[in-house]
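Here are the chains, one letter per residue:
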Amino acid sequence: LITHSPPFAIRNVLRDTVGRSVVSESGARPWDVLQGYTEADKARLNAFGGGMFGNYAKDRLTWNRELKRGMAELRKDPRNILMTPLQLKHGWEKIMQASETTGRVAEFRRAYDKGIKELGYTPDEAALFAASEARGLIDFAKMGSVMRTINRVVPFSNAHLRGMGKSLSTGMKNPAGFALRWSLYVATPVLLMRLWNMGHPEDEKEYQQLPAWQRDFFWNFKVGNHWVRIPKPH
């Protein structure tokens, strides 16, 4: 059995984009991420506390890591064309952070416009509101002592919990809107996938034999002799 799925960084963007469009309370759309973001956009998001981990160092390890990263930035030489394994590692981390930031900046823009146009906020108030909405998509900094221990044993367990909490919160605030977005961005692709695979009885049988985790976390389409996996939101 041969399956294909996008690289992890791209997979993360696809999954987060759909998930954000479902739980957003600011009218976010999947194609908002196509605008990308500038360093000024990222700086503004972080300045108002809307980044992945807020604008503070929560422990000594985080502080030391950020300090080393800052020192590395200061000693950069643009004439250096060599890359050490450590530099490659930092490059990969930047790609992963960019995939996360893209969605948060898109949410920030939508929420900022909502704050100005619909809620009558001042620019600073709208920016704080937008930062709260962007960070609230999944707030990694929210983690109790028990969950902190569990997260060390089960990676990303806190992120999954925060994602479910955001879905529940959005669903309770606006059940009709949440149901509409869920139907459009989650249920419809599932129906299309099933119709595609059911067009060939053998493909449908093979689909049912795929591992449960693969059916839970991906939309799986049989194309030729290969299964193409597209990530879906948690």
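Keep in mind that what you see is a predicted model, and the values were worked out from it rather than measured.

**Observations concerning the packing of helix α8 (residues 175–198) against helix α9 (residues 201–208)**
- Look at α8 against α9: their axes get within 6 Å of each other, and the N-to-C directions meet at 125°. As the angle between them shows, α8 and α9 are arranged oblique. In this structure, α8 contributes M193, R194, N197 and M198 to the contact, and α9 contributes P201, D203, E204, Y207 and Q208.

**As for the environment of W213**
- Within the secondary structure, W213 is located in helix α10 (residues 212–217).
- The partly exposed category is assigned to W213, whose relative accessible area is 46%.
- Beyond its immediate chain neighbours, meaning those up to four positions away, W213 contacts F218 and R229.

**Brief notes about the packing of helix α6 (residues 145–153) against helix α7 (residues 157–173)**
- Packing of α6 against α7 brings their axes to within 8 Å, and their N-to-C directions diverge by 125°. Of the possible angle classes, the one that applies to α6 and α7 is oblique. Facing α6, whose interface residues are M147, I150 and N151, α7 presents S157, N158 and L161.
- Residue classes in the contact of α6 with α7 are distributed as three nonpolar, three polar and no charged.

**Remarks on the confidence of the model for the protein**
- Here the protein shows a mean pLDDT of 79. Residues at 70 or above account for 78%.
- Taking the mean pLDDT of every element in the protein, the minimum, 53, falls on strand β1 (residues 3–4) and the maximum, 90, on α8.

**Quick look at the packing of aromatic side chains**
- Taken as a whole and assessed by the stated rule, the structure comprises five aromatic pairs.
- Geometrically, the ring pair formed by Y121 and F129 is edge-to-face, given 5.7 Å between the ring centres and 65° between the ring planes.
- Note on Y121: relative accessible area 32%, which makes it partly exposed.
- The class for F129 is buried, based on a relative accessible area of 18%.
- For the cation-ring pair, R229 lies above F218, with the distance from its terminal atom to the ring centre recorded as 4.8 Å.

**Let's talk about the environment of N46**
- With respect to the element layout, N46 can be found in helix α2 (residues 39–47).
- With 55 residues separating them along the chain, N46 and T101 place their C-alpha atoms 9.9 Å apart.

The rules behind each value
Residues numbered from 1 in each chain as written. Predicted model: local features only at pLDDT ≥ 70, side-chain atom pairs only at ≥ 80, totals over all residues. Heavy atoms only, no water. Axes fitted to C-alpha atoms, helices over the stretch in contact; angles between N-to-C directions. Helix = DSSP H or I, 4+ residues; strand = E, 2+ residues; numbered from the N terminus. Parallel < 35°, antiparallel > 145°, perpendicular 65-115°, else oblique. Contact = heavy atoms within 4.5 Å. Buried < 20%, exposed > 50% of the residue type's maximum accessible area, 1.4 Å probe, protein only. Nonpolar A, V, L, I, M, F, W, Y, C, P; charged D, E, K, R; others polar. pLDDT = per-residue confidence, 0-100. Phe/Tyr/Trp six-rings, centres within 6.5 Å; stacked < 30°, edge-to-face > 60°. Lys NZ or Arg CZ within 6 Å of the ring centre and 35° of its normal.

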